[in-house]
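If you want the building blocks of each chain, they are given just below.
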Amino acid sequence: MAEKAASTARGVAGSARPAPEAYRAVAAEAERFLLDGETPVDGDRRSRLAAARAEIDATGGYLQTAAELAHGCKLAWRNHARCVGRLHWKALRVVDRRDAVSAEDVFAACVEHLRLATNGGRLQPVITVFAPRGADGSAIRIWNPQLVRYAGYTRTDGSVVGDPLHVGITAAAQALGWRGSGGPFDVLPLIVRLPGEAPRWFELPADAVLEVELVHPEFTWFAGLGLRWHAVPAISDMLLEIGGVEYPAAPFNGWYVGYEIGARNLADTDRYDLLPRIGARLGLDMSREDSLWKDLALVELNRAVLHSFHRAGAHIVDHHTVTRQFVTHEERELRRGRATPTDRDWIVPPLSPSTTPVFHRGYTNTPVRPNFHRQEPAWK
């Protein structure tokens, strides 16, 4: 078992030797990462790089130390242009599970991740890193876009119960044998696939998934809508790249910004599309656009989200606070001689954007490594 775990940490066992051009690219990124003065390296940097190059020449990859991995994870968060919460990048808790050798191991680590991240409602940023991609491209994959997501069931008339965004993975889970209740907030099972094995699904234990019932600070009827949302946004379908080494399974989380739930997940017309229901209950004039009924309904929905999370003791941040924190992060990075790569479309909030400081600033998005990258959904 110890030998298999060590092999898994380097990359999925059984990997073939890569083409020379492939490992030259890995070596170039390893050099960039290991010679960076920020990277914690034991002993002489040139000696460490030489050892890594020798391993790359032999296997196509190299085993990063726990310290190198932890540092690379934090840099990947700091460098990710679409995250508005990067002020806290140094606080990321890194869980090294490159030794996980079975689907059961991966699932158990993901459950532990949720428990660590939830932290009794005092959410903390956590990343759990599984084995890197093998030289032949094989990799552990978590099919779910987040560790906790709600199912979307397509009716015969084409309408959807639940989250329309997740109709595809819901169908994939059903094809594997999972059956949900058919409700609007059914937690999807976690689907894990190891190289050479069929995908496996696992039901998440209820005590690992903190959900918040949504109520409004003023309107008692709001509770009757039966809405809720999960507290931990743990992204699980992105690829983590550190120094040329790719980790296709590395779930990570911070905490929600209120608008992610209230102005996107629950409000978007291709998601839960709740604004018409809320506008009707508020008695708004929905016959004309210039009544601004959508805006009024959107604000009340977002008030309910923030109020409910605070009431439940689950950490969340509003768009005014988080954008002010982002500017603090920018200025702190500038004092250290570093730019802040920024995708403006993701940083400027969808709710009252011009009232936040980021709306009035210019941004550039120059890719920096280490980083997180989008990858094709594994279930496709």
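Use the structure listed above.
Below is a short write-up of the structure. (Residues numbered from 1 in each chain as written. Predicted model: local features only at pLDDT ≥ 70, side-chain atom pairs only at ≥ 80, totals over all residues. Heavy atoms only, no water.)

### A closer look at empty space enclosed by the protein
Rolled over the atoms, a probe as big as a water molecule pinpoints where empty space is left.
No. 1: One pass over the full model with this rule turns up 1 cavity of 30 Å³ or more.
No. 2: For the lining of the largest cavity, the elements supplying multiple residues, two or more each, are α7 (258-265) and α9 (293-312).
No. 3: Across the lining of the largest cavity, the residue classes tally to 4 nonpolar, 3 polar and 1 charged. (1 Å grid on protein atoms, 1.4 Å probe; cavity = no way out; pocket = protein on both sides within 12 Å on 5 of 7 lines; lining within 4 Å. Points joined across faces, edges and corners; volume = space filled by probe spheres on them. Helix = DSSP H or I, 4+ residues; strand = E, 2+ residues; numbered from the N terminus. Nonpolar A, V, L, I, M, F, W, Y, C, P; charged D, E, K, R; others polar.)

### Description of the nonpolar core
No. 1: Counting 70 residues, the largest nonpolar core has V106, F130 and F222 as the members making the most contacts within it.
No. 2: Secondary structure elements with two or more residues in this core: α5 (103-118), β6 (190-193), α7, α8 (275-282), α9 and α10 (319-335).
No. 3: It is α5 that contributes the most residues to this core, 9 residues altogether.
No. 4: If we skip the residues at most four places from it in the chain, F222 touches L214, V215, H216, L227, I278, L301 and A304.
No. 5: Counting 28 residues, the second largest nonpolar core, distinct from the first, contains L69, C73, A250 and F252. (Core = buried A, V, L, I, M, F, W, Y, C linked by side-chain atoms within 4.5 Å. Buried < 20%, exposed > 50% of the residue type's maximum accessible area, 1.4 Å probe, protein only. Contact = heavy atoms within 4.5 Å.)

### Concerning helix α3 (residues 45-59)
No. 1: The terminal C-alpha atoms of α3, which comprises 15 residues, lie 21 Å apart, in line with the 21 Å expected from a rise of 1.5 Å per residue.
No. 2: For α3, the set of buried residues is R48, L49, A52, E55 and I56. Looking straight down α3, one finds that the buried residues subtend no more than 125° of arc, so they occupy a single side. Exposed side of α3, more than 90 degrees from the buried face: R46 and A58 are the residues found there.
No. 3: The N-terminus of α3 is capped by D44, whose side-chain oxygen sits 3.1 Å from the backbone nitrogen of R46.
No. 4: Remark: G60 follows α3 within two positions and exhibits a positive phi of approximately 90°. (Expected span 1.5 Å × (residues − 1). Arc of directions from axis to C-beta. Polar contact = N/O pair within 3.5 Å; in protein donor to acceptor, adjacent residues only side chain to side chain.)

### Looking at the sheet that holds β6
No. 1: Taken in spatial order, the 3 strands make up an open sheet running β3-β6-β7, and their pairing is antiparallel. On the outer flanks of this sheet lie β3 (141-142) and β7 (200-202), each paired with one strand and no other.
No. 2: In this sheet, β7 lies alongside β6 in antiparallel orientation, the contact comprising 3 bridges. When the sheet's bridge partners are listed, I191 is paired in β7 with W201.
No. 3: Its contacts with the sheet put α5 on β3, β6 and β7, and the angle it makes with β7 is roughly 30°. (Pairing = 2+ DSSP bridges. Axes fitted to C-alpha atoms, helices over the stretch in contact; angles between N-to-C directions.)

### Description of the environment of V327
No. 1: Note that V327 resides in helix α10.
No. 2: V327 sits in the buried class, given a relative accessible area of 9%.
No. 3: For the pair formed by V327 and V84, sequence separation is 243 residues and the distance between their alpha carbons is 9.4 Å.
No. 4: Ignoring sequence-local partners within four residues, the contact set of V327 consists of P357, V358 and R361.

### Some thoughts on helix α6 (residues 167-175)
No. 1: Residues I169, T170, A172 and A173 constitute the buried set of α6. One face of α6 carries all of its buried residues, which in axial projection span an arc of 160°.
No. 2: Considering only its buried residues, α6 is in contact with β4 (152-154) and β6.
No. 3: At the C-terminal side of α6, G177 shows a positive phi close to 115°.

### Observations regarding the packing of aromatic side chains
No. 1: This structure, assessed with the given rule, holds 11 aromatic pairs.
No. 2: Relative to F202, the ring of F107 lies with its centre 4.7 Å away and its plane at 10°, an arrangement referred to as stacked. Separated by 95 residues along the polypeptide, F107 in helix α5 and F202 in strand β7 bring together distant segments of the chain.
No. 3: What makes F202 buried here is its relative accessible area of 11%.
No. 4: Seen from their ring centres, F219 and W221 are 5.6 Å apart, and the 15° between their planes marks the pair as stacked. (Phe/Tyr/Trp six-rings, centres within 6.5 Å; stacked < 30°, edge-to-face > 60°.)

### Details of the environment of R264
No. 1: With respect to the secondary-structure elements, R264 resides in helix α7.
No. 2: Judged by its relative accessible area of 41%, R264 is partly exposed.
No. 3: Separated by 87 residues in the primary sequence, R264 and L351 have C-alpha atoms spaced 9.5 Å apart.
No. 4: Setting aside anything within four residues of it in sequence, one finds R264 in contact with Y259, R271 and P350.

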